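Here is how the chains run, residue by residue.
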Amino acid sequence: MSVRKWPALIVTPLILAACATEIPGKYTDPKAGFLEVSSQTSAAIGKRTVLAQTQAENVALNKQVHGMVYRKTISADTAVQAALLNNKGLQASYAAVGISGAEVWQQSLLKNPVVSIGLFGIGAPELGVYRALESTIAFNLLDAATRKQRKALASAQFQQAQMNAVNETLMLANQTRQAWINAVSAFETVSYLRQASDAAAAGSELAAKLGQTGALNKAGQAREFAFNAELAGQLAKARLNATLAKEELTRLMGLWGTDVNYFVPDALPALPTSLRRVSSIEATALANRVDLKVAKIGLEAQAKAFGLTDQTRLVTDLELIAGFESERENDGGDTTTDTRPQLELEFAIPIFDNGEARMKKAELSYMQAANVLAERAVNVRSEARSAEAAYHASYQIARHYRDVVVPLRGTIEEEALLSYNGMITNTFELLLDVRQKLGSSLEASNAKRDFWLAQANVKAAIYGGGSGAAGGGEGMAIAAGGGAGH
Amino acid sequence: MMNRRQLLGAGAAAGALVSSQAWSQTSNRGLPEAAVMDTAATQSPTRPSTGVDYNPVVTLNGWTLPYRMNNGVKEFHLVAEPVERELADGMIAYLWGYNGQSTGPTIEAVEGDRVRFYVTNKLPEHTSIHWHGLILPSGMDGVGGLSHPGIPPGKTFIYEFDLTKSGTFMYHPHADEMVQMAMGMMGMFVVHPKDPEFMRVDRDFLIMLNAFDIDPGTYVPRIMTMTDFNLWTWNSRIFPDIDPLVVNQGDKVRVRVGNLTMTNHPIHMHGYDFKVTCTDGGWVPEAAQWPEVTVDIPIGGMRAYEFVADNLGDWAIHCHKSHHTMNAMGHDIPTFIGVDKRQLTKQIRKLQPEYMPMGTAGMADMGVMEMELPDNTIPMMTGWGPHGPIEMGGMFSVVKVREGIGADDYSDPGWYVNPPGEQAYEWTGELPEFATNTSPKTLITPKQTSKG
């Protein structure tokens, strides 16, 4: 009654295994695919990226980043570099590249055969000693047959993962640059609001003194006090905004502990004296956009999947089952065991499902991917044009504020002083014009910020990693009010 | 040398107030020459060369329009046109006026004269002239639409009438009157008595009170202003650039004051009491005259007062509404008296480094400080006298009574030098010798005069 089972067709997987090809090093390398990511991103943004895999590497990186930021006033470039070296989310997406590299490796290997053993007759006393032992080694023939396609698919996915990593690197770089611009701009806003607040404080003090001498009633005083208090509130809000904006930058740079002890400049850099025309930005973007490459790879992957489906439309779930069937019979006390090799071919008969639905699905998936790519290409072109338009227009706007609006406000302020000198207008009106000039300076500063953001977006529009949105947000404005002297 | 009209024609007065282009195309043959004046200085009185003799008037910072005789009729030519008037040194106003100036030239004639006025309109809109206070035919009264159609731009109208009474009168438009008067169109009209000895004086001054609202830094009056004028002027001139009333000691002096502003002006003269002798209604009978030191000039009225210039010195003459002796000023200025601004000044200077605190001790520092002002503006209170800031502007001048001033001499004799004992001085604990006397009679030291 001994059970014997010997795989007779064990040779099959061996034969199949012989088909296995060499697995390229790029999939098996500890930093699989990273080099590609690194070289693509540094070409786009001119910054170093690293993949830290060991504790020692991490320590070295931390030290490097610490040296860059600790108690330093950091530039946008430093911020971006620090983020690329230190952002853990980025490390995670680099790891994803390695994971999908490993997947290719995985797909390059054959599936291990499946052994199945079945024992029949247990728990059926009427059968007596009858036992049937079924032992098979099932090897999915399809696995072998489709290995090439699967490998290609995995490799496409690997490439996609790489491109995703590149995209995320660019996105991080762009986000960090924008966060730096926003943080600096927020501090610049604070400085203008502080000055405006000083003007309001002066008005408030003047009102209080006029109240003491009996020259200004309570309502007039309260108007100045209220305005001063409102500006103090605005200033506090601006300070909070600045803190939060800096914190966003800190997050992107992956800083914590003592490393958060860094500074950003108080004001954004001045506008450049001139702008170069970005030549053929649409073509450049089409050639360089990483998300476009990702979509192309997606299409290729779909194409490969389509081919796969085409081959397997009739033999899906096909499994070749090989093994023995050993049958033991108790025949009047005499037990005989009959062991037969067994080969089973199991497949679905395409009566109900002839694969057309799957074909349709595959075709539509392909069409879907193709349309996604086409849409992406249209969007990339539009984003490129938008970015370029925003870049030049925001430059003109910022210059307009700097060269026209602020000087005009300056003229108004100078004339306000002259009118004040002539006792034609009062101190409160003078202070009001001082504040309005600060308000214009603040608008000019917001316009300058929008320009620098637009400039960052140009890079994102060419290489990817941007939100696709052009222009900046609304900045703060200095509240109007006061003027108790009336 | 170009006169002001040529300047206006050539440069269109720096883009100022359009003048009618049409007149240059009409023939002006047969018209009396339209004399022009291009300065705001007081012109010497014009002695009559023909007809009845009279003692001519002196228009402060103004002049008298020449005439020609035409078959016994005195012919004048008035040209209504855009002008640039120097309200003060450093302040030009773009106005409408007559013959190159605002206010327009004074018209002088004699009771019984027949006068003919050629009035040429070089303004961009129609105009007319009303002869304020004169008795004349209804159709010559110059009320546009009522007396006659308005004089269209580019056209010349004739007014002709007899001067049936002597006295002090005015002329001004009665067509779009609000605008044209706010733009400075007005002048004085003096009719001398037929008898040169009737109401004869040695010096006869003319002052037309008018007012403008010209924002600091601008040149054109705001014509819609009703009460809040910022420049109170005599003959479209403001102190310190109103000429003095120069008088020889012992002269009988008449001052004729007309008011074409929208408020009354109490004109107050120091050093004398005087009697009102004439209104735009005519001469005041002697029995009805009473002594005054201030005469209120009603809106749209004229008053002439007379005095004998016995008291030597520099005597202020001004409107007693104190805002009217100020130039452009803000009315929304809080009173800063007693407000300690030292700390505040530091705060404000952080934002506006040139800020100067003012008003803590009053506004007199305005008269002392020479601070930069907007263009085309002069300080609120100004004018320097021999002893410091006079702190006056607007409707203010000085009556300068001196010995030995020639009959036709109206040139500024300079500041009066007060003799010792006749000028206020600081008490230092003891009275000086000249102040110590035992007699109740004031010791008068020999009088001094100074010229220049």
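Fair warning: this is a prediction, and the values are worked out from it, not measured in the lab. Along every chain, residues carry numbers that run from 1 in the direction the sequence is written. Each chain is given a letter, starting from A, and each ligand a number, starting from 1, according to the order in which they appear as written. The model is predicted, so local features are restricted to residues of pLDDT at least 70 and side-chain atom pairs to those at 80 or more, both for listing and for counting; the totals for chains, interfaces and linings are taken over all residues. Excluding hydrogens and water, the side-chain figures rest on all heavy atoms present in the structure.

**Details of the overall build of chain B**
Okay, so step 1: The number of helices and strands found in chain B is four helices and 24 strands.
Okay, so step 2: Working definition: with a 1.4 Å probe on protein chains only, accessible area under 20% of the residue-type maximum means buried, over 50% means exposed, and in between means partly exposed. Taken over 452 residues, chain B has a buried fraction of 54%.
Okay, so step 3: Note on areas: Shrake-Rupley, 1.4 Å probe, and residue coverage restricted to the protein chains presented here. A total of about 19500 Å² of accessible surface is found on chain B, and carbon and sulfur atoms cover 54% of it. Each helix corresponds to a stretch of at least 4 residues labelled H or I by DSSP, and each strand to a stretch of at least 2 residues labelled E; elements are numbered beginning at the N terminus.

**So, the sheet that holds strand 9 (residues 167-172) of chain B**
Residues and elements named next belong to chain B.
Okay, so step 1: For two strands to count as paired, DSSP must find a minimum of two bridges between them. Within the open sheet, the four strands sit side by side as 5-10-9-7. Their pairing is mixed. Both outer strands of the open sheet, strand 5 (107-110) and strand 7 (130-132), are each paired with one neighbouring strand and no more. Between one strand and the next, the sheet's axes are offset by a mean angle of 25 degrees, whatever the strand orientation.
Okay, so step 2: With five bridges joining them, strand 9 and strand 10 (residues 187-192) adopt antiparallel strand pairing. Each residue of the ladder has a partner; that of Phe-169, found in strand 10, is Phe-189. Between N-to-C directions, angles span 0 to 180 degrees; the directions come from axes that are lines fitted to C-alpha atoms, helices contributing only their stretch in contact.

**Regarding the interface of chain B and chain A**
Okay, so step 1: Contact between two residues is taken to exist if any of their heavy atoms lie within 4.5 Å; hydrogens are not considered. Of the residues lining the interface, 35 residues belong to chain B; the matching set on chain A comes to 31 residues.
Okay, so step 2: Buried surface area refers to the total accessible area, computed with a probe of radius 1.4 Å, that the two partners give up upon joining, counted for both partners together. For chain B, the biggest contributors to the area lost against chain A are B:Asp332, B:Leu351 and B:Gln352; these three give 20% of the whole.
Okay, so step 3: Salt bridge criterion: a side-chain nitrogen from Lys or Arg within 4 Å of a carboxyl oxygen from Asp or Glu. Run the count over chain B and chain A and you get one salt bridge.
Okay, so step 4: The partner of B:Lys350 in a salt bridge is A:Asp198, with the nearest N and O atoms 3.9 Å apart.
Okay, so step 5: Here a polar contact is taken to be a pair of N or O atoms separated by no more than 3.5 Å, where protein atoms must pair a possible hydrogen donor with a possible acceptor and residues adjacent in sequence count only if both atoms sit in side chains. Summed over the shared surface of chain B and chain A, the result is seven residue pairs in polar contact (both at pLDDT 80 or more).
Okay, so step 6: Here the side of chain B that touches chain A gets six residues from one element, more than from any other, and that element is helix 3 (residues 342-351) of chain B.

**Some details on the pairing of strand 13 (residues 245-248) of chain B**
Residues and elements named next belong to chain B.
Okay, so step 1: The two faces of strand 13 match: Leu-245 and Val-247 on one face and Val-246 and Asn-248 on the other face are all buried.
Okay, so step 2: When strand 13 meets strand 24 (residues 396-402), the two strands line up parallel, connected through four bridges. Bridging across to strand 24, Asn-248 finds its partner in Arg-402.

**Some details on unusual backbone geometry**
All names here are of chain B.
Okay, so step 1: Note the cis peptide between Ser-102 and Thr-103, where omega equals -5 degrees.
Okay, so step 2: Position of Thr-103 relative to the elements: it lies in the loop between strand 4 (91-98) and strand 5.
Okay, so step 3: Backbone geometry places Asn-61, a non-glycine residue, at a positive phi of 55 degrees.
Okay, so step 4: What makes Asn-61 buried here is its relative accessible area of 2%.
Okay, so step 5: At Asn-235, a position not held by glycine, the phi torsion is positive, near 50 degrees.
Okay, so step 6: Looking at the element boundaries, Asn-235 is found in the loop between strand 12 (231-234) and strand 13.

**Structural notes on the sheet that holds strand 13 of chain B**
One key point about sheets: their strands pair by backbone hydrogen bonds, in either a parallel or an antiparallel sense.
Residue and element names in this part refer to chain B.
Okay, so step 1: Taken in spatial order, the five strands make up an open sheet running 13-24-21-15-19, and their pairing is mixed. In this open sheet, the two edge strands, each paired with only one partner strand, are strand 13 and strand 19 (294-297). On average, adjacent strands in this sheet sit at an angle of 20 degrees to one another, irrespective of strand direction.
Okay, so step 2: For strand 15 (residues 265-269) and strand 19, the ladder comprises four bridges, and the chain directions are antiparallel. Within strand 19, the residue paired with His-268 across the bridge is Thr-294.

**Section: the environment of A:Ala207**
Residues and elements named next belong to chain A.
Okay, so step 1: On the secondary structure map, Ala-207 appears in helix 8 (residues 147-213).
Okay, so step 2: Through-space distance from the C-alpha of Ala-207 to that of Glu-224 is 6.5 Å; in sequence the pair is 17 residues apart.
Okay, so step 3: With sequence-adjacent residues up to four places away left out, Ala-207 is seen in contact with Leu-216, Gln-221, Glu-224, Phe-225 and Phe-428.

**Section: helix 9 (residues 218-253) of chain A**
Okay, so step 1: With 36 residues, helix 9 of chain A should reach 52 Å at 1.5 Å per residue; the first-to-last C-alpha distance of 52 Å fits that figure.
Okay, so step 2: Following helix 9 of chain A by one or two positions, A:Gly254 adopts a phi angle in the positive range, close to 70 degrees. A helix is expected to span 1.5 Å multiplied by its residue count minus one.

**What about the packing of aromatic side chains?**
Okay, so step 1: Stacked, edge-to-face and tilted are the three classes for Phe, Tyr and Trp ring pairs, Trp counted by its six-membered ring, which pair at centre distances within 6.5 Å; planes under 30 degrees apart are stacked, over 60 edge-to-face, the rest tilted. Scanning the model with the defined rule gives 23 aromatic pairs over all chains in all.
Okay, so step 2: Of the aromatic side chains, those joined through ring pairs into one cluster are B:Tyr67, B:Phe76, B:Tyr98, B:Phe117, B:Trp131, B:Tyr159, B:Phe161, B:Tyr171 and B:Phe189.
Okay, so step 3: By definition, being over a ring means that NZ of Lys or CZ of Arg is both within 6 Å of the ring centre and within 35 degrees of the ring normal. If you follow A:Lys246 out to its NZ or CZ, it ends over the ring of A:Tyr262, 4.6 Å from the centre.
Okay, so step 4: Against the face of B:Phe336 rests B:Lys341, its NZ or CZ located 3.6 Å from the ring centre.

**Regarding the packing of helix 12 (residues 356-421) of chain A against helix 13 (residues 427-463) of chain A**
All names here are of chain A.
Okay, so step 1: The geometry of helix 12 relative to helix 13 is characterised by a closest axis approach of 8 Å and an angle of 165 degrees between their N-to-C directions. The angle between the axes of helix 12 and helix 13 places the two elements in the roughly antiparallel class. In the crossing of helix 12 with helix 13, the sense of the turn from one axis to the other is left-handed.
Okay, so step 2: Ten residues, namely Ala, Val, Leu, Ile, Met, Phe, Trp, Tyr, Cys and Pro, are considered nonpolar, four, namely Asp, Glu, Lys and Arg, are considered charged, and the remaining ones, Gly among them, are considered polar. Of the residues in the contact of helix 12 with helix 13, the class split is 22 nonpolar, eight polar and nine charged. Roughly parallel refers to an angle under 35 degrees, roughly antiparallel to one over 145, roughly perpendicular to one between 65 and 115, and oblique to any angle outside these ranges. Helix crossings fall into two classes, left-handed where the near helix is turned counterclockwise from the far one by less than a right angle and right-handed where it is turned clockwise.

**Focus: the confidence of the model for chain B**
Detailed reading of the predicted coordinates is not advisable wherever pLDDT falls low.
Residues and elements named next belong to chain B.
Okay, so step 1: The pLDDT score gives, residue by residue, the confidence of the prediction method on a 0 to 100 scale. This prediction gives chain B a mean pLDDT of 89; 89% of its residues lie at or above 70.
Okay, so step 2: A low-confidence stretch, residues 1-15 stays under pLDDT 50, and its non-local contacts, those more than four residues away or across chains, total 26 contacts.
Okay, so step 3: If you check the scores for this complex, the pTM reads 0.76 and the ipTM reads 0.79.

**Structural notes on a nonpolar patch on the surface**
Residue and element names in this part refer to chain B.
Okay, so step 1: A patch consists of residues exposed above 30% relative accessible area that lack any salt bridge, with like charges linked at up to 9 Å and nonpolar side chains (Val, Leu, Ile, Met, Phe, Trp, Tyr) linked at up to 5 Å. Nonpolar side chains collect at one region of the surface, where Tyr-425, Trp-427 and Leu-431 lie side by side and expose about 410 Å² of accessible area between them.
Okay, so step 2: Here Leu-431 lies in the segment after strand 24.
Okay, so step 3: Assessed through its relative accessible area of 54%, Leu-431 is described here as exposed.

**Focus: the environment of B:Gly133**
Residues and elements named next belong to chain B.
Okay, so step 1: Following the sequence through the fold, Gly-133 ends up in the loop between strand 7 and strand 8 (156-162).
Okay, so step 2: Measuring from C-alpha to C-alpha, the distance between Gly-133 and Gly-167 comes to 9.0 Å, with 34 residues separating the pair along the chain.
Okay, so step 3: Discounting chain neighbours no more than four positions away, the residues touching Gly-133 are Lys-165, Phe-169 and Asp-280.

**A look at a negative patch on the surface**
Okay, so step 1: A cluster of acidic residues, A:Glu414, A:Glu415, B:Glu354, B:Glu372 and B:Asp375, forms a negative patch at the surface.
Okay, so step 2: Counting through the fold element by element, B:Glu372 comes out in the loop between helix 4 (364-368) and strand 22 (382-385).
Okay, so step 3: For B:Glu372, a relative accessible area of 55% translates into the label exposed. In this tally Asp and Glu are treated as negative and Lys and Arg as positive; neither His nor the chain ends contributes. The atoms used to mark charge sites are NZ of Lys, CZ of Arg, CG of Asp and CD of Glu.

**Observations regarding the side chain of B:Thr277**
All names here are of chain B.
Okay, so step 1: As for its placement among the helices and strands, Thr-277 is situated in strand 16 (residues 274-279).
Okay, so step 2: Within the structure, the side chain of Thr-277 is placed 2.7 Å from the side chain of Glu-306, a separation counted as a polar contact.
Okay, so step 3: Filtering out sequence-adjacent residues up to four positions away, Thr-277 remains in contact with Met-199, Arg-254, Gly-282, Trp-283, Val-284, Gln-289, Ala-304, Tyr-305 and Glu-306.

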